[in-house]
Amino acid sequence: MTHSIKPQPGIDDIVLYKGGESRIDGHDQVLKLSSNENPFGPPQSAQDALIATAATLHRYPSSDHASLRKAIADVHGLDADRIICGAGSDEILTFLCQAYAGPGLEVIYTEHGFSMYRILALGAGATPVVVPERERVVDVDAILAAVTDATRLVFLTNPGNPTGTMIGNEDLHRLADSLPDHVLLVLDGAYVEFAEGYDGGASLVESRETVVMTRTFSKLYGLGGLRVGWGYGPTHVIDTLNRLRGPFNLGVPQLATAQAAMLDRAFAEHCQSENARLRTWLAEALAEIGIPSDPSHANYILARFADAAEANACEAALRSDGILVRKVAGYGLPECLRITIGTQANCQRVRDSIERFRKGE
Ligand SMILES: *Cc1c(COP(=O)(O)O)cnc(C)c1O
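Here the structure is a predicted model, which means the values were calculated and not measured.

Cut-off values and rules
Residues numbered from 1 in each chain as written. Predicted model: local features only at pLDDT ≥ 70, side-chain atom pairs only at ≥ 80, totals over all residues. Heavy atoms only, no water. Phe/Tyr/Trp six-rings, centres within 6.5 Å; stacked < 30°, edge-to-face > 60°. Helix = DSSP H or I, 4+ residues; strand = E, 2+ residues; numbered from the N terminus. Buried < 20%, exposed > 50% of the residue type's maximum accessible area, 1.4 Å probe, protein only. Lys NZ or Arg CZ within 6 Å of the ring centre and 35° of its normal. Domains from an automatic or database assignment. Contact = heavy atoms within 4.5 Å. Buried area = accessible area lost by both parts, 1.4 Å probe. Salt bridge = Lys/Arg side-chain N within 4 Å of Asp/Glu carboxyl O. Polar contact = N/O pair within 3.5 Å; in protein donor to acceptor, adjacent residues only side chain to side chain. Lys, Arg positive; Asp, Glu negative; His and termini not counted. Pairing = 2+ DSSP bridges. Axes fitted to C-alpha atoms, helices over the stretch in contact; angles between N-to-C directions.

Examining the packing of aromatic side chains
Taken as a whole and assessed by the stated rule, the structure comprises 7 aromatic pairs. Pairing Y191 with Y300 gives two aromatic rings, centres 5.0 Å apart and planes at 85°, and the pair type is edge-to-face. Of this pair, Y191 sits in the loop between β6 (184–188) and α7 (202–207) while Y300 sits in strand β9 (residues 300–304); the two residues are 109 residues apart in sequence, bridging distant segments of the chain. For Y191, a relative accessible area of 2% translates into the label buried. Positioned over the ring face of Y300 is R338, at 5.5 Å from the centre of the ring.

Some points on the domain arrangement of the protein
Partitioning the protein into structural domains gives domain 1 (18–41 + 266–359) and domain 2 (44–264). On a C-alpha basis, the centroid separation for the pair domain 1 and domain 2 is 25 Å. The interface of domain 1 with domain 2 comprises 25 residues on the first partner and 23 residues on the second. Summed over both partners, the interface of domain 1 with domain 2 comes to about 2,100 Å²; 55% of that surface belongs to carbon and sulfur atoms. When the buried surface of domain 1 facing domain 2 is broken down by residue, H297, Y300 and Y331 rank first, second and third, together holding 31% of it. Applying the counting rule to domain 1 against domain 2 returns 1 salt bridge. D294 serves as the salt-bridge partner of R136, at 2.6 Å between the closest nitrogen and oxygen. Counting the contacts that link domain 1 with domain 2 gives 14 residue pairs in polar contact (both at pLDDT 80 or more).

Considerations on the side chain of R245
Within the secondary structure, R245 sits in the loop between α8 (235–244) and α9 (252–263). Buried and without a salt bridge, R245 has D64 as its closest oppositely charged side chain, separated by 7.1 Å. A distance of 2.8 Å separates polar atoms of two side chains, one belonging to R245 and the other to N242. Discounting residues that sit within four places of it in the chain, R245 has contacts with S63, D64, H65, I84, C85 and F95.

Topic: the sheet that holds strand β8 (residues 229–232)
Read across the open sheet, the 7 strands follow the order β2-β8-β7-β6-β5-β3-β4; overall the sheet is mixed. Every interior strand has two partners, whereas the edge strands, β2 (83–86) and β4 (127–131), have only one. Direction aside, the axes of adjacent strands within the sheet are offset by 20° on average. Bridge count for strand β7 (residues 211–216) against β8 is 4 bridges, and the pairing is antiparallel.

Section: unusual backbone geometry
The step from N158 to P159 runs through a cis peptide bond, and the omega angle for that step is -5°. The residue P159 is located in the loop between β5 (151–157) and α6 (169–178) in this model. Non-glycine residue H65 carries a positive phi angle of around 55°. Note that H65 resides in the loop between α1 (44–52) and α2 (66–76). In this structure, R136 is a non-glycine residue whose phi angle is positive, near 65°. Structurally, R136 is set in the loop between β4 and α5 (140–146).

In structure tokens, the structure reads:
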């Protein structure tokens, strides 16, 4: 049968998001370092909380997420009324595009920025606008130069994925202060917890009506499989996003499990300190065998090879050793591989495999 059903403009232009692979044929003990997952797994406290919810699954979940928002607010010193929780921070980013972007409007993100921004902008019918970075670092002036009357959102991942680099408070303030007041600055803070001394932009949010930050339970808290993230913004933005949010967007297990993880500060601190220690170790170990990386403020490093051919050959060598890392040609970085920081044993295995590759063994 014929039909004339068509999706809204932009949707057919979306290229499907590709997640990090998790399987290699012929290997049953794959070391997956391709999705920036927590190598220690989910905290035991969160697993216990999850199991405890099983007997209450006949009940609808809270629709205001008050208890989870209070836990987040207490830990971060924020106003619980201006927190919104979603099915991953992806859902918060989706609400932002639905609410503020649309046909004839522009969404800015940077050259090596997260591929979801393009997908979400197109999904809202808006025009994605890509701005260059300078040597894998966000360039505030390039962002400002790209702003037009049609710009509605600027997405900035800080620290950046896949670069691991970040811009400091001075640049962030300059960006927030220089954007015209019809532009909402979205600080995607998926990796904030791995950056020492950075509040993810919370203080910028507090002092302005035009800045929002998003955060996630998927990385530091080891809960990527659960799908919980949150946003923090001015009242007018949070009110707008809540109109789009389904009342039961988070289930009982998601709410209870995320709350337990947030309150488990010992787990979070352990993961942060191990990540910082092993990130330095791996970066130095690779630099010693001639593979540099920019100083990373996240839970991965972006290893830089001579060219795309060498990066691809190294990825294949790692794969034959049962190790999956992320190729990032799709992010405009064909000569690089993004490697998630694992446990000490994981990092050692990566280093040994890459060393054998470099020796041509
Ligand atoms: C992992 C990641 C997220 C988090 O997504 P969730 O939907 O919360 O799992 C957001 N932004 C970036 C840049 C990421 O790398």
